[in-house]
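Fold and geometry: a report
Here is how the chains run, residue by residue.
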2 protein chains.
Amino acid sequence: MTLVAPPAARLGATLAEIGTPSLLIELDAFEANVRGMAEFTASCGVALRPHAKAHKSVKIARRQIAAGAVGVCCQKLSEAYPFAAAGIESIHVSNEFVGADKVAMAVELAAHTRLSVCVDSLPQVAVLGVAAAEAGVRIDVLPEIDVGQRRCGVTRSDDLLRLVDAIAQHAALRFGGIQAYHGGAQHIASWQARGEAAKLAAQRASEFVSALRARGVDVPVVTGGGTGTVEFDARSGIYTELQPGSYVFGDGDYGSIEWAAFDRPRQSLFILSTIMSATRPGIAVCDVGLKGLAVDSGLPREVTALSRVETPELAYAGANDEHGMLDVAGGLERGTESLIGQRMLIVPGHCDPTVNLYDEFVCVRAAQVEALWKVDARGLSR
Amino acid sequence: MTLVAPPAARLGATLAEIGTPSLLIELDAFEANVRGMAEFTASCGVALRPHAKAHKSVKIARRQIAAGAVGVCCQKLSEAYPFAAAGIESIHVSNEFVGADKVAMAVELAAHTRLSVCVDSLPQVAVLGVAAAEAGVRIDVLPEIDVGQRRCGVTRSDDLLRLVDAIAQHAALRFGGIQAYHGGAQHIASWQARGEAAKLAAQRASEFVSALRARGVDVPVVTGGGTGTVEFDARSGIYTELQPGSYVFGDGDYGSIEWAAFDRPRQSLFILSTIMSATRPGIAVCDVGLKGLAVDSGLPREVTALSRVETPELAYAGANDEHGMLDVAGGLERGTESLIGQRMLIVPGHCDPTVNLYDEFVCVRAAQVEALWKVDARGLSR
C-alpha cells in the first residue's frame, strides 16, 4: 500500500471538513463571471479567447468555450499541452519563444490543435517556417506589437511589415493578424485613467493596422486586452478578439481598482485556511503563507472568518513560508487562544501565480464541495 | 498516445540543451554544502536535522542523512508523507496543526516513521493523545517556545509546564523536548547583530529549560536554528539539534548577508532561463517570471549570462507572470536583438518558495546533466 497524504476534500464535504490550506472556487460567482464576460463580448461583436494562464484548467476552458469562447490563450508552449491533449481545438500561444526544443513543441502541438503563436523577430519566423514545413503542419503567426507595455513586440511598423513579409515566404505559416497587449494598463486603479491607457493602446494598434492595410495586407485578427481593460477594448473598434483571464476569479488587486460601466468580476477564488496557533494578544497564526498564496501584488486584503459568531476582525499582516500572520482587532487580551481552529476565506492578492501553487481546485456551492478540478497545467512554464 | 510536453532535460544534456525555465542544482556546490554543514555540526557536538521544506526531495534527504543527519524536519504533515513513504526513519514536523484531518495524518505517519510534532496549546495535546492511543502509535511531542520570532510558541514557562504535564497524561505521547526557533534572526544582514539575536534566543531557550529542570523534567532535545544562525546556535551550549534548510542551496537573500566564522553556503541553486524577446534598446525579456521564481525576498540579484563572449551585463529588473524584464547595461543601441536566445543562470531571491514552483531539479556537474531529482513534496502544504 502506498503511503500518500489523504485528499483535501471529498464531494459533498462542508467548508468545515475541507483540508486546509485549499484553493476554493465558489461556483455561483465563477459561473456568473464566465457567463457575464461571454455575453458582454458577444454584445460588442468581438471574439472572446480567455487566457488559460489564469486557471490552467481544462474543465474551466471547456466551460468558457461552452459559453461562447472561440478557444483559449496559453502563455507558454508546455502550458498548451494539457489543453491540446483534451481536444481544445484552437489555442493561441500569446508569447514569443526561442530554441529548438520550443519549436519542436510548437510543431507537435500544431498537429493536434489549431495553433497560433506570437513572434517579434525575424529568426523566429524562419526557424518556425522550416520546422512546420518539415512536419507538414500549419501554424498561424501573429506578430506582437508594443502598444505601451514596453515588454515584447515590435515598436515600428516597418519592423512589423518585415515580419509579415517573412511569414509570407513560408507555405506552412499563415499571417494570422497581430497581438496588441498592454499588461500594465490592466491594473491602473482609476477607471478613467485605465480607459485612457486602453484608448492609447488601441490607437497605437490602429496605426499598425493602417500601415499594413496601406500595403494591401489584410489583418484578420487583432487580439489582446485583459480583465482590467476589456470594456474599453471591446468597444474600441480595433480589437477583434479579447484575452481576459483573471475575470473568472478576481483577486485582491482587481478587487481594489475602480470599476464602472462594466461590472467588477465577482470574487470566486479563495484560500481556505485555519488558525493553528494563537499564543499572544492581538496576533494569530494561520496555515497558509508563501507556499499557498502569491504576494507579488501584495498581501491578501480580505479575510472572512467562517461560522463563529463573535470572531474579531482579522487582517493578513505577514507571510512566512507556511505561516500567515494575522492581526486580531481589539487584541483579545489573553483570549486569542479561542481562535485556534477558526477557519477563514482569504482573497489572494494575485490570482494567476496563486493558482499555480495548487494541484486542484475545490469547487463549492452553498458551502458544500460540488466538484474537484485539476490544475492541469500547473508548473508548465516552458 | 498521450500528448504531454517533452521532458526538460535528458541525462548528459548540456546547459545549451536543457529546456527553460528549469530549476538547476550545481552538484559540486550542493555536495560541499551538505558535507560542510554535517561536519560543522558534528564538530560542535550537536545533531543535524535539516529542514526538508527547503528542498522537498527524498533524494536530497537521503544524502543529508548519509552525511550524518539524524532525520529531517517537515513544516506540514502532508509534506512529511513522501519522506515517510520513502523510509526516512525520523521526521519532526516543526509546526503546530489543528483539526481532525490533521490529527489523522499525524497518526498515520507515526505508524510509518518515528514522528515528532510541535504543540503550543493544551487542546492539541489532548486530541493527539487520544487519537494516538486509539491507533496504537507513539508520538514525540515538543512544545514550541517563542524565543523572539513572535509567531508560534508559548511565551511563559508556566504555559510550557502545563503542556509538559498534559503530555505526561497520555501514554501514547512522549515529551520529546522543546522547539526554539527564531526565523527573523536568520536574515539579519550584520553578522554581529545576527549573532546577538541568536544569543538572545538561546538565552531565552535556556530560561525555559531551567524552569523545566527546576521541576525535575528532563529535556532530551532543544531543536531549532536555521542557516543564518547555525554557527551561533551550534556553539550556544543550549541547542542539541539544529534545523537548517536553505544551506544546501543558498539564495539571493542569504547571498547578501554578512558571513564570517562559518562559511557562507555556496550558491548551488539556479534558474536556467533564455532571452526570448529584445526589441528595445536597453531592455531584454527572458522566459522566467513569477511562475518560475519567488519574489517575496526581492527580485533575483545575480544574472550570469552563459557562453557568449561579449554579452553586456544583465540585471533582472521586473517579473510578470511568465516574463522577466532585464536591464541591459550600455543599452546596445538597436542591437539588443542579438541577445535573443542568450541563456542565463539566475539566483532566485528566496530558495524555499522557488523550489516549490517546480516538479523536478535538473542536477548538473561540469555543465552537464548528471541526474533528475523529483521535488517530491511540491505543493504539499496541508
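Along each chain, residues carry numbers from 1 onward, in the same order as the chain's sequence is written. Both sets of labels track the order of writing: A upward for chains, 1 upward for ligands. At least 70 in pLDDT is required for a residue's local features to be given in this predicted model, at least 80 for side-chain atom pairs to be given and counted, and no such filter applies to totals for whole chains, interfaces and linings, which use all residues. Only hydrogens and water are set aside; all other atoms, that is, all heavy atoms of the structure, feed into the side-chain values.

If you check an unreviewed UniProt entry, chain A appears there as Alanine racemase from Caballeronia telluris. UniProt positions are given in the numbering used here, feature names are shortened, and annotations may be inferred rather than shown by experiment. Recorded in UniProt for chain A, the comment headed Sequence similarities (unreviewed entry) runs: "Belongs to the DSD1 family."

Counting its regular elements, chain A contains 10 helices and 18 strands. Radius of gyration here uses only the C-alpha atoms, and the compact-globule reference equals 2.2 Å multiplied by the residue count raised to the power 0.38. Relative to the compact-globule value of 21 Å for 382 residues, chain A shows a C-alpha radius of gyration of 23 Å, a close match. Once the C-alpha set of chain A is aligned to its principal axes, its extents read approximately 75 × 55 × 35 Å. By the burial criterion, 62% of the 382 residues in chain A qualify as buried. Looking at chain A alone, contacts between residues at least 24 apart form 70% of all its contacts between residues at least 6 apart. Charged side chains in chain A number 35 positive and 43 negative. The centres of these two groups are separated by 3 Å. We count a stretch as a helix when DSSP gives it H or I for four or more residues in a row; a strand needs E for two or more, and each element gets its number in order from the N terminus. Residue burial is assigned from relative accessible area. The probe radius is 1.4 Å, only protein chains are included, and a residue is buried under 20% of its type maximum, exposed over 50%, and partly exposed in between. We call two residues in contact whenever any of their non-hydrogen atoms come within 4.5 Å of each other. The charge count includes Lys and Arg as positive and Asp and Glu as negative, but it does not include His or the ends of the chains. Where a charge sits is defined by one atom per residue type, namely NZ (Lys), CZ (Arg), CG (Asp) or CD (Glu).

The next thing to look at is the relation of the copies chain B and chain A. Aligned on chain A, chain B shows an RMSD of 0.0 Å; the corresponding rotation is 180° and the shift along the axis is 0.0 Å. The operation mapping one copy onto its partner corresponds to a two-fold rotation axis. Counting the interface residues of chain B, we find that 100% of their copies in chain A are interface residues as well, pointing to one common contact surface. Copy-to-copy alignment: least squares on C-alpha atoms, limited to residues at pLDDT 70 or above in both.

Before going further, it helps to spend a moment on the domain arrangement of chain A. Residue and element names in this part refer to chain A. Start and end positions for the domains come from either an automated domain assignment or a database one. Taken domain by domain, chain A comprises domain 1 (27-250) and domain 2 (266-374). Averaged C-alpha coordinates put domain 1 and domain 2 at centres separated by 35 Å. Of the residues lining the interface, 19 residues belong to domain 1; the matching set on domain 2 comes to 16 residues. As used here, buried area is the combined drop in accessible area, with a 1.4 Å probe, of two parts when they are placed together. Of the roughly 1,600 Å² buried between domain 1 and domain 2, counting both surfaces, carbon and sulfur atoms make up 55%.

Once that is clear, we can look at the pattern of salt bridges. All names here are of chain A. Definition used for salt bridges: Asp or Glu carboxyl oxygen within 4 Å of a side-chain nitrogen of Lys or Arg. Scanning all chains against the criterion turns up 42 salt bridges over all chains. Linking aspartate 359 and arginine 378 is a salt bridge whose minimum nitrogen-to-oxygen distance equals 3.7 Å. In this pair, aspartate 359 is assigned in the loop between helix 10 (351-355) and strand 17 (360-365) and arginine 378 in the segment after strand 18 (368-374), connecting sequence segments 19 residues apart. We classify aspartate 359 as partly exposed; its relative accessible area is 42%. Through salt bridges with shared partners, a single network forms among Asp28, Glu31, Arg365 and Glu370.

Quick look at the nonpolar core now. We call a set of buried residues a nonpolar core when its members are Ala, Val, Leu, Ile, Met, Phe, Trp, Tyr or Cys and they connect through side-chain atoms within 4.5 Å of each other. Counting residues in each nonpolar core, the largest one holds 202 residues, and the members touching the most others are A:Ile139, A:Phe361, B:Ile139 and B:Phe361. Those residues in contact with B:Ile139, other than ones at most four positions away along the chain, are B:Ala106, B:Ala110, B:Leu115, B:Val117, B:Leu128, B:Ala132, B:Ala172, B:Leu173 and B:Arg174.

A packed helix pair is summarised by two numbers, namely the angle formed by the two axes and the spacing between the axes. Residues and elements named next belong to chain B. Axis lines are fitted through C-alpha atoms, for helices just across the contact stretch, and the angle between N-to-C directions can take any value from 0 to 180 degrees. For the pair helix 3 (residues 77-85) and helix 4 (residues 100-110), the least separation of the axes is 10 Å and the interaxial angle reads 20°. Regarding the angle of helix 3 to helix 4, the classification is roughly parallel. Considering the relative orientation of helix 3 and helix 4, their crossing is left-handed. On helix 4, the residues touching Leu77, Ser78, Ala80, Tyr81 and Ala84 of helix 3 are Lys102, Met105, Ala106, Glu108 and Leu109. An angle below 35 degrees is treated as roughly parallel, one above 145 as roughly antiparallel, one from 65 to 115 as roughly perpendicular, and anything else as oblique. Throughout, a crossing is termed right-handed when the near helix is turned clockwise from the far one, and left-handed when it is turned anticlockwise from it by less than a right angle.

It is worth spelling out unusual backbone geometry at this point. Geometrically, the link from A:Thr20 to A:Pro21 is a cis peptide bond, its omega value of -5° lying close to zero. By secondary structure assignment, the location of A:Pro21 is in the segment before strand 1 (22-26). Notably, B:Arg150 is not glycine yet its phi reads approximately 55°, a positive angle. The topology assignment puts B:Arg150 in the loop between strand 6 (139-145) and helix 6 (157-168). What makes B:Arg150 partly exposed here is its relative accessible area of 45%. In this model, B:Ala367 sits at a positive phi of 65°, which is unusual for a non-glycine residue.

Turning to the pairing of strand 17 (residues 360-365) of chain B, a few remarks are in order. Residues and elements named next belong to chain B. When DSSP finds two or more bridges between two strands, those strands count as paired. Both strand 1 (residues 22-26) and strand 17 contribute to a ladder of three bridges, which runs parallel. Across the sheet, isoleucine 25 pairs through a bridge with cysteine 363, a residue of strand 17. In the sheet, strand 17 pairs with strand 18 (residues 368-374) via six bridges, with the strands oriented antiparallel. Bridge pairing in strand 18 places arginine 365 opposite glutamine 368. What sits between the antiparallel neighbours strand 17 and strand 18 is a turn of two residues, in which alanine 366 has the positive phi angle 50°.

Listed per partner, the contact involves 74 residues of chain B and 74 residues of chain A. Contact between chain B and chain A buries roughly 6,000 Å² in total, counting both sides, with carbon and sulfur atoms accounting for 54%. Along the contact surface separating chain B from chain A lie eight salt bridges. A 3.5 Å cut-off defines polar contacts: any pair of N or O atoms within that distance qualifies, except that in protein one atom must be a possible hydrogen donor and the other a possible acceptor, and neighbouring residues in sequence count only when both atoms are side-chain atoms. At the junction of chain B with chain A, the criterion picks out 32 residue pairs in polar contact (both at pLDDT 80 or more). Looking at the side of chain B that touches chain A, the elements with two or more residues in it are helix 3, helix 4, strand 11 (269-280), strand 12 (283-286) and helix 10 (351-355) of chain B. Element by element, the count of residues in the side of chain B that touches chain A is highest for strand 11 of chain B, at six residues.

Time to look at empty space enclosed by the protein. Cavity means a closed set of points on a 1 Å grid over the protein atoms alone, one where a 1.4 Å probe fits but cannot get out, pocket means an open set with protein on both sides within 12 Å along at least 5 of 7 lines, and lining means a residue has an atom within 4 Å of a point. Grid points are joined across faces, edges and corners, and a volume is the space filled by probe spheres set on the points. If you walk through the whole model with that rule in mind, you get five cavities of 30 Å³ or more. There is about 160 Å³ of room inside the largest cavity. As for the largest cavity, its lining consists of 14 residues, and the residues nearest its centre are A:Ala294, A:Val295, B:Leu290, B:Ala294 and B:Val295. Three classes are used: nonpolar for Ala, Val, Leu, Ile, Met, Phe, Trp, Tyr, Cys and Pro, charged for Asp, Glu, Lys and Arg, and polar for all others, with Gly counted as polar. Its residues assigned to classes, the lining of the largest cavity shows 12 nonpolar, no polar and two charged.

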